[in-house]
Each structure stands twice: as C-alpha cells, then as structure tokens.
Amino acid sequence: MQDAPRLYLDLPLSPEGEGVVLNADQMRYLATVLRLQNGDILHVFNEEAGEWEAQLEIHRKDRGQAVLRTRVRPPEETSGPVLVFAPLKRDATDLVLRMGTEMGVTRFCPVITERTNTHRINADRFRAIAIEAAEQCERLDIPHIDPLRSLTQLLDEWDDQIPLFAALERQECPDVARVVGNHALLVGPEGGFSESERRLLSAQKAIIPISLGKRILRADTAVVAGLARLAFYVSQSI
Ligand code: SAM
C-alpha cells in the first residue's frame, strides 16, 4: 500500500480534532491529481508542529480541510550543511534546490560570481521546489533561502568559525579528514571560478578546498557529489 501523501502546511497544527483549511491549489492537488476521496488519510507537517495524521474533508472540488487526528512525529531539529552556489540555468537550478533539500541542506545561499549564468532568482519558485522536495523526502522543515548577493559580500559576512568547503576542480586538495558541527559547501558556476576569485577564496580563513575527483562535473552534479562527500565525512566523525 502506498504511504499517505504528505503536505507542508504553514499554519498552526493542533489540537486533535481541529480542521485546517486547505487552499484551492492544495485541494486540487489532493482531490484531482492524487484522486483522494472524502475521508482519506493524509499527513500534514511543518517545522513547529511536527507531523500529523489527518483526514481529508472535501467540501467542494477546490475547498476542504484536513481534520487532525494524531501527531505521528514531534518537531525535530534539523542539522545539515549550508549550500553556497551560483544560480545556473533554470532546470539545473531546480535540480540543485530539489536534490539539496533531499540531502539535508538547511540554508541555500545563492551567490553571483564573475561567471554566474543568471543574475536573478525567483525566491517563491525556489521555496515551492524546496517544499515539494521536503514533502517527498519526509523532512519536517523547509530550508531557508537567502537573498541573492555577490560572492564577495557573502565572504565578507561569513562567520570564520564555519568551515566553507570550496569545490575546486583541477586543483590538488588535501583529503578532508573530519567534519564536525556547522559546515558549508561552495560550488561554482558552469564556467568555474575566475583566477581572481580563486585567489580571493584561498585568502579566506574559513575556506577549505576540496576536490571531487579527476572528472570535471556539471555544477548541479558537483552539488550532489560535494554534499554526499561531506555527509560521508560527517558520519566518519561521529
Ligand atoms: N568550466 C570549468 C572548467 O572547465 O574548468 C568547470 C566548472 S564546473 C562545470 C562547475 C563547478 O563544479 C566548479 O566551479 C566546481 O565548484 C565544481 N566542480 C566540478 N567538478 C569538480 C571537481 N572535479 N572537483 C571539485 N569541484 C568540481
């Protein structure tokens, strides 16, 4: 049997018996796309309330509510890396958001570098992708999405206590031995970092260069490879 669908609701979720009103998009998704019927079970969640089992009440095609039955997961603290990345073409950026959320990124920091492919982001779209990914991967929280800023500004504002692992291709890098506590991954744009950016990075206290192997990966692939590598080092450090 398929698991109950999960829906992120940015609303207070309690107490038992309470009906939480669903908006037209949510109703269309549940009733039309997933073909849920009146009385079917779904799960609703958010970072403050945890996850609740609820029963769908359909009033009209685009109107209804989720009646809370029982809390099945308490809220939990999410720990995971920060991802600093240069926005890519639309599909590739969508992948970064989706895969990063699935892999536990707690905060996305989009940055403009000299060779960044795009200089605008759509924060609502980013959040919608992150919500969809959180719904499917059983996360309770939605990662934070920072406004777009320049790489230089990010580095100026960076807390030196937080190691920032910079994925640098074609460079000999010492192997990472341990990753403990807060940490972040930095991946460059499709065109890579410029020479002056590389010099700027190497002058930063928080920067730890990492290699992702001999092959030159597409930036979205590099995000996943880098996150997986750091997750491995975190698990080795426990
Ligand atoms: N245009 C660059 C070149 O040909 O040298 C390649 C840039 S790569 C497509 C995009 C980003 O992915 C890089 O800035 C880097 O952050 C990361 N990356 C890709 N392959 C990597 C590797 N083997 N090791 C470390 N980082 C890598």
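### Comments concerning the overall build of the chain
Point 1. On a plain count of helices and strands, the chain comes out with six helices and 12 strands.
Point 2. Taken over the C-alpha atoms alone, the chain extends approximately 60 × 40 × 35 Å along its principal axes.
Point 3. Burial statistics for the chain: of 238 residues in total, 45% are counted as buried.
Point 4. Within the chain, contacts between residues separated by at least 24 positions form 70% of all contacts whose residues are at least 6 apart in sequence.
Point 5. Working note: accessible area of the chain is about 13,100 Å², and carbon and sulfur atoms make up 48% of it.
Point 6. Distance between charge centroids for the chain: 5 Å, based on 28 positive and 35 negative side chains.

### Some points on the packing of helix 2 (residues 90-102) against helix 3 (residues 123-137)
Point 1. Interaxial distance between helix 2 and helix 3 falls to 8 Å at its minimum, and their mutual angle equals 40°. Here helix 2 lies oblique to helix 3, going by the angle between them. As helix 2 packs across helix 3, the resulting crossing turns out to be right-handed. Seen from helix 2, the contacting residues are Arg90, Thr93, Asp94, Leu97, Arg98, Thr101 and Glu102; seen from helix 3, they are Arg125, Phe126, Ile129, Ala130, Ala133, Ala134, Gln136 and Cys137.
Point 2. Class assignment of the residues belonging to the contact of helix 2 with helix 3 gives a composition of seven nonpolar, three polar and five charged.

### Regarding the domain arrangement of the chain
Point 1. Splitting the chain by domain gives domain 1 (6-73) and domain 2 (82-235).
Point 2. Taken over C-alpha atoms, the centre of domain 1 sits 33 Å from the centre of domain 2.
Point 3. On the domain 2 side, the residues contacting the 10 residues of domain 1 number nine residues.
Point 4. Applying the counting criterion to the domain 1 and domain 2 interface returns one salt bridge.

### Things to note about the site of the ligand
Point 1. Residues in close proximity to the ligand total 19 residues, the closest being Ala167, Arg170, Leu212, Gly213 and Arg215.
Point 2. In the model, a nitrogen atom of the ligand is placed 2.8 Å from a nitrogen or oxygen of the Gly213 main chain.
Point 3. For the shell around the ligand, a count of residues per class yields 10 nonpolar, five polar and four charged.

### Considering the environment of Pro209
Point 1. Locating Pro209 in the fold gives a position in strand 12 (residues 207-210).
Point 2. When its relative accessible area of 24% is taken as the criterion, Pro209 is described as partly exposed.
Point 3. Linking Pro209 and Thr32, residues 177 residues apart in sequence, is a C-alpha distance of 48 Å.
Point 4. Those residues in contact with Pro209, other than ones at most four positions away along the chain, are Ala166, Leu168, Gln171, Cys173 and Pro174.

### Overview of the nonpolar core
Point 1. If you look at the biggest cluster of nonpolar residues, it comprises 25 residues, and the most contacted ones within it are Leu83, Phe85, Leu97, Phe108, Leu185 and Val187.
Point 2. In this structure Val187 touches Val84, Phe85, Ala86, Ala167, Phe193, Ala219, Ala222 and Val223, once residues within four positions along its chain are discounted.
Point 3. Listed in part, the 18 residues of the second largest apolar core include Leu154, Leu164, Ala166 and Leu186.

Conventions adopted
- Residues numbered from 1 in each chain as written.
- Predicted model: local features only at pLDDT ≥ 70, side-chain atom pairs only at ≥ 80, totals over all residues.
- Heavy atoms only, no water.
- Helix = DSSP H or I, 4+ residues; strand = E, 2+ residues; numbered from the N terminus.
- Buried < 20%, exposed > 50% of the residue type's maximum accessible area, 1.4 Å probe, protein only.
- Contact = heavy atoms within 4.5 Å.
- Areas by Shrake-Rupley, 256 points an atom, 1.4 Å probe, with all protein chains shown as cover.
- Lys, Arg positive; Asp, Glu negative; His and termini not counted.
- Charge placed at Lys NZ, Arg CZ, Asp CG, Glu CD.
- Axes fitted to C-alpha atoms, helices over the stretch in contact; angles between N-to-C directions.
- Parallel < 35°, antiparallel > 145°, perpendicular 65-115°, else oblique.
- Left-handed = near helix turned anticlockwise from the far one by under 90°.
- Nonpolar A, V, L, I, M, F, W, Y, C, P; charged D, E, K, R; others polar.
- Domains from an automatic or database assignment.
- Salt bridge = Lys/Arg side-chain N within 4 Å of Asp/Glu carboxyl O.
- Near = heavy atom within 4 Å.
- Polar contact = N/O pair within 3.5 Å; in protein donor to acceptor, adjacent residues only side chain to side chain.
- Core = buried A, V, L, I, M, F, W, Y, C linked by side-chain atoms within 4.5 Å.

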